[in-house]
Amino acid sequence: MMSEVLVLGGGMVGTATALALQARGCDVVLVERGLPGRETSYGNAGIIQSEAAEPYAMPRSLAALWRIALGRDNGVRWELAGLPGQAGALWRYFRASAPARHAAASRVYAGLVVRSTEDHAPLVEAAGAGNLIRRGGYLAVAREAAAFEAAARDAERMARAYGLRMRLLEGAALRAAEPGLTGALAGAVQWQGAWSCADPGGLVAAYAALFERRGGRIVRSDATELARAGAGWRLGEVEAAHCVVALGPWSATFLQRFGIRVPMVLKRGYHRHFAGGANLGAPVVDEATGTVVSPMRDGLRVLTGAEIARPGAPKRSQQITRSEAAIRSLLDLGQPVEAEPWMGTRPCLPGMLPMAGPAPGVPGLWLHFGHGHQGFTLGPTTAALLGEEITTGRAPVPALSPAAIL
Ligand SMILES: Cc1cc2nc3c(=O)[nH]c(=O)nc-3n(C[C@H](O)[C@H](O)[C@H](O)COP(=O)(O)OP(=O)(O)OC[C@H]3O[C@@H](n4cnc5c(N)ncnc54)[C@H](O)[C@@H]3O)c2cc1C
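Now for a look at the structure at hand. (Residues numbered from 1 in each chain as written. Predicted model: local features only at pLDDT ≥ 70, side-chain atom pairs only at ≥ 80, totals over all residues. Heavy atoms only, no water.)

Considerations on the environment of Ala384
Locating Ala384 in the fold gives a position in helix α12 (residues 375–392). For Ala384, a relative accessible area of 28% translates into the label partly exposed. For Ala384 and Ala23, which are 361 residues apart along the polypeptide, the C-alpha to C-alpha distance reads 9.4 Å. (Helix = DSSP H or I, 4+ residues; strand = E, 2+ residues; numbered from the N terminus. Buried < 20%, exposed > 50% of the residue type's maximum accessible area, 1.4 Å probe, protein only.)

Laid out in structure tokens, this is it:
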């Protein structure tokens, strides 16, 4: 079967890519080894973060690095064995986090995230997935007065700089906004423009079903079977002129076969559901412990910050245990739903921008990954940009080009 484009990987990024190319009239086959939306795009906090105008920089102050080094920052954990394999990428991440470079990356990033809800909106509607989406924003809470003051100042700066909608909540207003929050809190920033999803994997599955209803084909296969066929590509029965690699955290390993070395910072994260306790109307971010609690169909999902570990290292329980305790101090969490926490990996690039564009030196191959902390948010946005580039030859945001990033 001859097709125009093969898209490898059925996470939020690959599925949105398939839809964007299809909308531009391409004949697309989506290749996924399991089911769409069952990996990283399943396990996240489900926040469509139209307010996340500045990507996560690596802390650079000695005090912050020292806290991380000593294991006192639950938001960032590490194991010694995980450092050598990622040392080059971590060093690049550190340098890219310098204020001037972070500000430059933020100018590009802001242009992407602020349109993210608009890019999801038509897909949510066409997929009939409106029941999964809440448009009420989320809360970033602070326990101490000083932390709330600092968070409020920073939120006001962000709102001014990027035109974001937010309000500050304290006392009775905070209790009214989220009655389930019974722990002692100094206040919260409510990011009003963000959306959240009650079943992130379900949303990707709904997008994948929409792609099929519109005539697209999903093939359950292993992307490593990809081979050259003339100037194009073959995978099983399918031949195509173009191939898009959207394998999330698996992308760097996959690309080694083409001699493309991708420096990736693989930030693992954990979640576990709890049921039988309080209800929440929207996600709550506890900055002090790097924890999010997000209301999902399966219960309250408690999620951790980043863990730097060697690939394949077994799960470690410390971070999720501390996150669970932190959330228990804020609300009635109920009982765990699963015996074991889930673990996945955020595919982060050192420069903090995702990649969307042609693979250097490999005609017909396109790279679309590295969305880090916000791939659930950004999938449809960078997919629209990549779709434009593949079909017109013009790169709408040159800063996302793999040649600029690698
Ligand atoms: C704890 C946590 C919380 C997060 N919270 C948020 C949030 O609130 N908001 C947000 O925007 N982002 C969040 N993220 C980040 C977000 O989840 C990721 O950036 C995003 O899911 C990446 O999507 P992806 O499609 O690139 O990767 P994936 O979803 O991992 O998709 C890659 C796909 O490739 C497939 N694949 C891999 N290898 C092969 C192969 N050989 N053959 C065929 N198929 C293959 C996999 O099965 C998978 O389906 C969070 C991440 C974590 C870990």
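Back to the write-up after that little detour.
Focus on the environment of Cys26
The topology assignment puts Cys26 in the loop between α1 (12–23) and β2 (28–32). For Cys26, a relative accessible area of 11% translates into the label buried. Distance in space between the C-alpha atoms of Cys26 and Thr391 is 8.4 Å, their sequence separation being 365 residues. Among residues more than four places away in sequence, those in contact with Cys26 are Glu4, Val5, Leu21 and Thr391. (Contact = heavy atoms within 4.5 Å.)

Examining the sheet that holds strand β3 (residues 47–48)
Strands sit in the order β3-β9-β5 across an open sheet of three strands; the sheet is antiparallel. Edge positions in the sheet fall to β3 and β5 (133–134), since each of these pairs with one other strand and no more. Pairing geometry for β3 and strand β9 (residues 195–197), over two bridges, is antiparallel. Directly across from Ile48, in β9, lies its bridge partner Trp195. (Pairing = 2+ DSSP bridges.)

Overview of the side chain of Thr117
Looking at the element boundaries, Thr117 is found in helix α6 (residues 116–127). For Thr117, a relative accessible area of 11% translates into the label buried. Residues in contact with Thr117, not counting those within four places in the same chain, are Ile48, Ser50, Gly193 and Trp195.

Re the packing of helix α5 (residues 99–113) against α12
Orientation of α5 relative to α12, taken along the N-to-C sense of each, is 100°, at an axis distance of 9 Å. If you check the angle between α5 and α12, you find them roughly perpendicular. Only Leu378, Thr381, Thr382 and Leu385 of α12 make contact with α5, whose side of the interface consists of Tyr109, Leu112 and Val113. Along the lines of polarity and charge, the residues of the contact of α5 with α12 split into five nonpolar, two polar and no charged. (Axes fitted to C-alpha atoms, helices over the stretch in contact; angles between N-to-C directions. Parallel < 35°, antiparallel > 145°, perpendicular 65-115°, else oblique. Nonpolar A, V, L, I, M, F, W, Y, C, P; charged D, E, K, R; others polar.)

Focus: the pattern of salt bridges
Opposite charge on two side chains lets them pair, provided their charged atoms get close. Evaluation of the coordinates by the stated rule reveals twelve salt bridges. Residue Arg143 pairs with Asp286 through a salt bridge whose shortest N-O separation is 2.5 Å. With Arg143 in the loop between β6 (138–142) and α7 (145–162) and Asp286 in strand β15 (residues 284–286), this pair connects stretches of sequence that are 143 residues apart. Judged by relative accessible area, which is 26%, Arg143 ranks as partly exposed. Its relative accessible area of 1% is what places Asp286 among the buried residues. Note that Glu239 is salt-bridged to Arg234, the shortest N-O span being 3.2 Å. Overall, the relative accessible area of 35% leaves Arg234 in the partly exposed class. Through salt bridges with shared partners, a single ionic network connects Glu54, Asp154 and Arg157. (Salt bridge = Lys/Arg side-chain N within 4 Å of Asp/Glu carboxyl O.)

Quick word on the packing of aromatic side chains
Per the counting criterion, the structure on display carries four aromatic pairs. Measuring from centroid to centroid gives 5.7 Å for Trp91 and Phe94, while their planes differ by 15°, and the two rings are stacked. A residue pair is termed a helical-turn pair when its members lie 3 or 4 positions apart in one helix, as Trp91 and Phe94 do in helix α4 (residues 83–96) at three residues. Seen in terms of ring centroids, Trp233 and Phe258 are 5.8 Å apart; in terms of plane orientation they differ by 90°. Their pairing is edge-to-face. Separated by 25 residues along the polypeptide, Trp233 in strand β12 (residues 232–235) and Phe258 in the loop between α10 (251–255) and β14 (265–275) bring together distant segments of the chain. Here a set of aromatic residues connected by ring pairs shows up, and it is made of Trp233, Phe254 and Phe258. When the ring centre of Tyr42 is taken as origin, the NZ or CZ atom of Arg301, which lies over that ring, is 4.8 Å away. (Phe/Tyr/Trp six-rings, centres within 6.5 Å; stacked < 30°, edge-to-face > 60°. Lys NZ or Arg CZ within 6 Å of the ring centre and 35° of its normal.)

Remarks on the site of the ligand
In the neighbourhood of the ligand, 31 residues make up the surrounding shell, with Glu32, Thr40, Ser41, Gly372 and Thr377 lying closest. Contact distances for the ligand include 3.5 Å between an oxygen atom and a backbone N or O atom of Gln374. Note that an oxygen atom of the ligand is positioned 2.7 Å from one of the side-chain N or O atoms of Thr377. Surface burial for the ligand is 97%, taken as the share of its 1,000 Å² of free accessible area covered by protein chains. Elements represented by at least two residues in the shell around the ligand include exactly α1, α2 (40–43), β20 (342–348) and α12. The element contributing the most residues to the shell around the ligand is α12, with three residues. (Near = heavy atom within 4 Å. Polar contact = N/O pair within 3.5 Å; in protein donor to acceptor, adjacent residues only side chain to side chain. Areas by Shrake-Rupley, 256 points an atom, 1.4 Å probe, with all protein chains shown as cover.)

Focus on the pairing of β14
Most of β14 sits out of view: nine of its eleven residues are buried. As defined by bridge partners, β14 adjoins β20 across seven bridges and the pair is classed as antiparallel. Of the residues in β20, the one forming a bridge with His271 is Trp342. Where β14 and strand β18 (residues 306–308) come together, two bridges link them in antiparallel fashion. Bridge pairing in β18 places Lys267 opposite Ile308. Looking at chain direction, β14 and strand β17 (residues 299–303) are connected through four bridges and run antiparallel. Within β17, the residue paired with Phe274 across the bridge is Leu300.

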